[in-house]
Amino acid sequence: MNIAIFKKSNYMNKEIEDKLLSLIKKYHHNVNQDKPDVVIFIGGDGTFLRAVQHYLSKLDDIVFIGLNSGHLGFFYDFDLNSVEDMFIQLEENSVQHHKFNLLEANFSYKDSVETIYAVNEIRIENPFSTLISNVYIDGELLELFRGNGLCVSSSLGSTALNRSLGGALIHHDLKLLELSEISSIQNSKFHSLNSSLIIPSKSVITFKGEFFDVVIGFDHLTKKVDDLKQIDISLSNKEVNVLYSKEHTYLKSIRKGFID
Ligand code: NAP
Ligand code: MN
């Protein structure tokens, strides 16, 4: 197999890198950063987000497997003490194969459309003044929102920003979208749902308004836009393949992340 190593940018552990390289050799694999079959990412959950964006155009041909270097690690359960176990499980194919759909947003400018993808969530935020947006689900008006922003999370992202916004955690086996408000204005004049809403995976969430000075956030990335009228967010057909250890369970990962 062709294996790429994708590290957190400031990751410096030479010892672990040498160990990985020697195991790649021992199990008769090759290092290939450009056309890998397997991407081993080392770092935190943020490293997975970056690895997915890095290999975005090749996702169909790649499986991702993570080595957790001490962060929460929702996307992986091998760590620096179980590197060889990872190679053994890869060899035996006893790892668990999971497939997740990315989120997709299409923005309509005056005369063009642009598409972005995300693992966790796609947000529209106005850090300068109140964001005013109509919110539609499958073309039907839900609300006129006023506040700091709106966030659409995937099941994978439900443990990330979505959770800080009061959203529910969604089991990774469920394909759903979760819409959450970011600091909505709630008073006798203005009010909106003020609660997270979980909707089916086939739904399209549309934000429509006169968007100036708006920031689109997608995972660790941001993009400032100035003359945007509409953004459509849905679950993409683009998928990412992730391998977990044979011992992995979803409950284990949320216990480790939030309870233990
Ligand atoms: P970061 O500042 O390192 O991320 C903030 C925290 O979110 C880190 O602890 C990160 O874990 C964790 N995280 C990322 N994806 C997660 C997931 N799916 N489930 C649970 N925790 C997750 O920034 P980053 O590494 O570039 O990650 C970007 C993501 O951070 C965004 O997609 C957003 O969801 C999240 N975020 C959350 C808040 C908040 O909760 N208020 C604020 C900003 C960003 P690692 O340390 O392992 O990377
Ligand atoms: Mn991070």
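Before going into details, it helps to say that this report is about the structure given with it. (Residues numbered from 1 in each chain as written. Chains lettered and ligands numbered in written order. Predicted model: local features only at pLDDT ≥ 70, side-chain atom pairs only at ≥ 80, totals over all residues. Heavy atoms only, no water.)

Within the protein chain one finds five helices and 16 strands. Its C-alpha radius of gyration of 20 Å places the protein chain within 12% of the 18 Å reference for a compact globule of 260 residues. With respect to the principal axes defined by its C-alpha atoms, the protein chain has extents near 65 × 40 × 30 Å. In the protein chain, which comprises 260 residues, the proportion classed as buried is 50%. Counted over contacts in the protein chain with a minimum sequence separation of 6, partners at least 24 positions apart contribute 69%. On the protein chain, roughly 12500 Å² of surface is accessible, and the fraction owed to carbon and sulfur atoms is 50%. In the protein chain, 26 positive and 34 negative side-chain charges are present, and the distance between their average locations comes to 2 Å. (Helix = DSSP H or I, 4+ residues; strand = E, 2+ residues; numbered from the N terminus. Rg over C-alpha atoms; globule rule 2.2 N^0.38 Å. Buried < 20%, exposed > 50% of the residue type's maximum accessible area, 1.4 Å probe, protein only. Contact = heavy atoms within 4.5 Å. Areas by Shrake-Rupley, 256 points an atom, 1.4 Å probe, with all protein chains shown as cover. Lys, Arg positive; Asp, Glu negative; His and termini not counted. Charge placed at Lys NZ, Arg CZ, Asp CG, Glu CD.)

This part is about the site of ligand 1. Surrounding ligand 1, one finds 17 residues, the nearest of these being D45, R50, E121, T159 and S164. Contact distances for ligand 1 include 2.9 Å between a nitrogen atom and a side-chain N or O atom of N120. The backbone of L161 places a nitrogen or oxygen atom 3.1 Å from an oxygen atom of ligand 1. For ligand 1, the accessible surface in isolation is 790 Å², of which the surrounding protein chains cover 67%. Only α2 (45-54) and α4 (161-164) provide two or more residues apiece to the shell around ligand 1. (Near = heavy atom within 4 Å. Polar contact = N/O pair within 3.5 Å; in protein donor to acceptor, adjacent residues only side chain to side chain.)

Okay, the pattern of salt bridges next. Inspection of the entire model under this criterion finds 10 salt bridges. Note that K26 is salt-bridged to E84, the shortest N-O span being 2.8 Å. On the criterion of sequence distance, the pair formed by K26 in helix α1 (residues 14-26) and E84 in helix α3 (residues 83-92) is long-range, its members being 58 residues apart. Linking R123 and E125 is a salt bridge whose minimum nitrogen-to-oxygen distance equals 3.0 Å. Judged by its relative accessible area of 9%, R123 is buried. (Salt bridge = Lys/Arg side-chain N within 4 Å of Asp/Glu carboxyl O.)

All right, on to the environment of K99 then. Tracing the backbone through its elements, the reader meets K99 in strand β6 (residues 96-108). Each C-alpha atom, one on K99 and one on H191, is 38 Å from the other, the two residues being 92 residues apart in sequence. Among the polar contacts listed, one links the side chain of K99 to the side chain of N241, at a separation of 2.9 Å.

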